[in-house]
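# Remarks on the overall topology
The chain contents come next:
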Amino acid sequence: LITAIAQLGRASRKLGEFSSELEALVDHSRAKHVLVLRIRVSENQAKYEGIELEENKGEEKYLYRRDPSGKPGLFITGRIPMLGDVGVLNLQRSFINLSSRNISAKDRNKDKQALANFEKKKVIGITRGKGIRQTTNKTLDRICKALRNNSRTIMKDICKTIKSMKPEELLLTVKILSDSGEKYLGEIPEFADAFESFVTQVKNVQKKRIAGETSGLKCIICNNESVSNEFEENPLPFFFIDKPGFIPEGDFDKAYKVFPLCSDCFVDLRYGRKFVEKYLDFSISSIEGGRAEVSFWLIPVLNDYDSVISYIKLLSESAAEGKESRRFLYLRHLKDMCETMKTISAFDTEPDALEAFLTFTALFYTRDRQGHMRLISSSEGIYPRHLRFMLEVKRKVDSLIPFKKVGVRFGFPLLREFLMPTDMKGRGGARRRSEGWYKDLASTLGDMFVGEPIKKSLIYKAIASKIRELAKEADLKKISDISFKALSLVEYIEQLDSSQSKREMLYEFARGS
Amino acid sequence: MSLHEEVDKSSRISQIKDFMEAHKGLLRDDTLRAVCATGIATGILLEVQRERSKRESMPFWGRLNRLEMDLERVRQLFPQIINKLHEYSEAGYHDIIAYLGSEEISRLDWSRRDLPKDVISLAFAVGIAQGYWMIQASGGE
C-alpha cells in the first residue's frame, strides 16, 4: 500500500501533476475564505496595517500546514475552526454579547475570557508554530514581533470583520507589503524554501542517535539506504512517527525502526498522498449531502512504474475534460454514489489494456474531533470491473417499481442512514457521538467492493431497528418513505450478492470444465 | 360497476403482482410474499381508517406491535383486516383483498418459523408502504 502511494507520488512528480513542490507539502483546509493580516516590512521594522477578508487562493500561497502539536499552524498561517471554544461562531457570539449593554457581569467576564483565549491561541499562536521556532530569518522574526505587539488591535479587527458573516472555517495569514509590492508568504522564495526544508527535514534531536542506530536501515519503498526513520513531519496523515510502533519481536530499541524511509521516498509519499486526495478520496455523505463521518481512499495498485505513469496521465486528462470524458466514468459514478442519490445514465468506454493489471485498495478512515485522520480498515483486491458491476446493479435496482415514482434511488448514503444508530442526535443534541457504526459501514463497503459475501443480518437488524424507531410516531408517510429506502438497500445487497454467487459458480464451472 | 372501474381495479392487482415480482431479493419465497401481502392489506386498512377519522387516527395501528412482527402475529392480522373493512362497508378494495388472500396470503408456509424477525418485519413494513402508496397514487376510492 505504501509503495503504491509512493509510486503514484513519484509518477505525479515526474509528470508535473502539481504546479510546485509546495502544493504537495502544504495541507488542505476546508476554508473558503482567508483573513489576511497586512504587514508592511521595511529594513528594520514590520508594521501591522489592517486586515482583509479574501477568498482562499490555495494553501500553497499561505504556506499552511497543520501543526500536530495543537498550535493553529506550522508556519504563521493558522486555521480558525467554525465551532469550538476558539471557533468563529464562539468569537462572534462573545463579541456581540460584549457590545450589548444588557449583559451580566458574569457573562461579560466569560465573553472577555473567550476573546482573550482566542487572542492567545489563534493570533499570538500563529507566531509560535514549530516551523517558525526553527528558522533564523530576521524578517520573519520582525513579522512575528509585530503580530504579537499588535495582537489586541488585530483581535478587534478580526471581530469587526467576522461580526456579520455566516460562520465558517477560516484561515488566518499574513501578506507582506514592501517597496516591491504585496506578496503572500508562499510567494517569497526565502520563506517558501524555509517551509520546504522544515517539512522534509529529519528531526534535529534524533540526528545523533539515529546516526548510530540506523546504520544498515533500508527504505521500505526503494530498498536504498534509509537516511532516517524519523522525519520532522509525518509522511502520511495516518502514520505518526513521533510514537513508537513495534515490530513483532517487540524490542524497544527498534520501536522507531518500523517505517524507515529515505528522503526521496518521503517526498514521493507526500506527492502520492496529494494525488489520492485530489482524485481518489471518497466520502459517504448523509442523504441530504451533509457531513461525512466515513471516507475512503481508493488507491490504485499497479506494480509496473510505466503503467502508473500512464494511469496518472489518463486520470488527469479525464479530470481535465470534465463531464465530457467517458473514461474513468466508473470512478466519477462511484463518487456520486457515495455522496449523492443520483441516477446513473452513461457508462464507460470499453476497459483498456491497462486495466488488466489494475486493482484498488480501499483505505477507510474517519476524522476525529481534532481533524486527525484515523484508520478504520482496509480492503485489498478491488477490480475496476467489479466497480462497474456495482454501478450496473445500482442502475438495475433504481429501475425497479415503484422507486422512480416514489423518488427513491440507491446510494451509499442509504447505508449510512440505516447503520447510524437511531439514538444519535445532531450537534445540538445532548448525546455523545457514537463511533461503533463506522466500522460496520466500512466493513460492509469493503465486502461490496471486493465481492465478498455481505453481512446481511447486520443490515436487516439495522433496518428493522430504524423502522421500529419511526413506528413510535405512527406516521404512515414516514413509515412508507423509510420502508422504500430500506427496500432499495436490501434489493441492492441481495442482487449484488446473488450476482456475485452466480459469477463465482460460473467461474468454478469454467475451471472445472 | 363501470368498465372504467373494472380496468382500474385489474390494473391495481397487476400493480401488486409487478411489485412482488420486481422485488425478488427481499420477497424471495411464498412466505415472505404472504407477509408483504398482509402488509399491503394492513396499509389499505390504515389509510381507510385515517380517511374515516379525517386523518386523525388509525386504531388498527395499536395491533401492529410497533411493526415488530413474527409469523404468528402476521397470520392473525388478515381475518381482522377483512372484518374491519366489512365493518366499515368498504367495498372499494374488495378485489385487491380477495386477490391478496387467495393468491398470496394463503401460501404462507407455517413451517418457515426459522425466518428472522427482522426480515419478516421489513417485508411487512414494505407491504404497508406499498398499500399506502397505492391508495395515495389512486387518490383514494
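None of the values given here were measured: they were computed from a predicted structure. All residue numbers here refer to positions counted from 1 along the written sequence of the relevant chain. Starting at A for chains and at 1 for ligands, labels are handed out in the order in which the entities are written. Confidence filtering applies because this is a predicted model: local features only for residues at pLDDT of at least 70, side-chain atom pairs given and counted only at 80 or more, and all residues used for totals across whole chains, interfaces and linings. To get the side-chain values, take all heavy atoms of the structure and skip hydrogens and water.

### Quick notes on the packing of helix 1 (residues 2-14) of chain A against helix 12 (residues 305-321) of chain A
All names here are of chain A. Operational definition: Between the N-to-C directions of two axes lies an angle of 0 to 180 degrees, each axis being a line fitted to C-alpha atoms and, for a helix, fitted only over the stretch in contact. Runs of H or I in DSSP of at least four residues are treated as helices and runs of E of at least two as strands, each being numbered from the N terminus. In this scheme the handedness of a crossing depends on how the near helix is turned from the far one: anticlockwise by less than a right angle means left-handed, clockwise means right-handed. By definition in these notes, contact holds between two residues if any of their heavy atoms fall within 4.5 Å. The residue classification treats Ala, Val, Leu, Ile, Met, Phe, Trp, Tyr, Cys and Pro as nonpolar and Asp, Glu, Lys and Arg as charged. All others, Gly included, are polar.
Where helix 1 contacts helix 12, the two axes come as close as 9 Å, and the packing angle between them is 60 degrees. The two elements helix 1 and helix 12 cross, and the hand of that crossing is right-handed. Residues Gln7, Leu8, Arg10, Ala11, Ser12 and Lys14 of helix 1 touch helix 12, and the partners they reach there are Tyr305, Val308, Ile309 and Ile312. Its residues assigned to classes, the contact of helix 1 with helix 12 comprises 6 nonpolar, 2 polar and 2 charged.

### Side note on the side chain of Asp27 of chain A
Relative to the helices and strands, Asp27 of chain A resides in the loop between helix 2 (21-25) and strand 1 (33-41). Once residues lying within four places of it in the same chain are set aside, the contact partners of Asp27 of chain A are Glu59, Tyr64, Arg65, Arg66, Arg270, Arg273 and Lys274 of chain A.

### Description of the sheet that holds strand 7 (residues 294-301) of chain A
Residues and elements named next belong to chain A. What counts, and what does not: Pairs of strands are assigned from DSSP output, requiring at least two bridges between the strands.
Pairing within the open sheet is antiparallel, and its 4 strands lie in the order 6-7-8-9. The open sheet is flanked by strand 6 (281-284) and strand 9 (373-382), the only strands paired with a single partner. Averaged over all pairs of adjacent strands, the angle between their axes in this sheet comes to 25 degrees, without regard to strand direction. Sheet strands in contact with helix 13 (residues 329-339) are strand 6, strand 7 and strand 8 (359-367), and its direction is about 25 degrees off that of strand 6.

### With respect to the confidence of the model for chain A
Residues and elements named next belong to chain A. As a reminder, the rule being used: Confidence of the prediction at every residue is given by pLDDT, a number between 0 and 100.
When the pLDDT values of chain A are averaged, the result is 80; 82% of them are 70 or greater. By mean pLDDT, helix 10 (residues 204-213) is the weakest element of chain A at 48, and helix 18 (residues 456-471) is the strongest at 91. Across residues 425-432, where pLDDT falls below 50, the model places 7 contacts with residues more than four positions away in sequence or in other chains.

### Here we look at the interface of chain A and chain B
Defined as follows: Once two parts are brought into contact, the accessible area they lose, counted with a 1.4 Å probe and summed over both, makes up the buried area. Think of a salt bridge as a Lys or Arg side-chain nitrogen and an Asp or Glu carboxyl oxygen that are within 4 Å of each other. Pairs of N or O atoms are called polar contacts if they sit within 3.5 Å, as long as, within protein, a hydrogen donor faces a hydrogen acceptor (for residues adjacent in sequence, only side-chain-to-side-chain pairs).
Every contact between the two is made by 26 residues of chain A and, on the other side, 27 residues of chain B. For the chain A and chain B pair, buried surface summed over both sides reaches about 2400 Å², with 75% attributable to carbon and sulfur atoms. Here chain A is connected to chain B by 2 salt bridges. Where Glu494 of chain A meets Arg28 of chain B, a salt bridge forms, and the shortest distance between an N and an O atom there is 3.3 Å. For the pair chain A and chain B, the number of links is 6 residue pairs in polar contact (both at pLDDT 80 or more). Contributions of two or more residues to the side of chain A that touches chain B are made by helix 15 (403-406), helix 18 and helix 19 (476-512) of chain A. Per-element tally for the side of chain A that touches chain B: the top contributor is helix 19 of chain A, with 11 residues. The class makeup of the residues in the side of chain A that touches chain B is 17 nonpolar, 2 polar and 7 charged.

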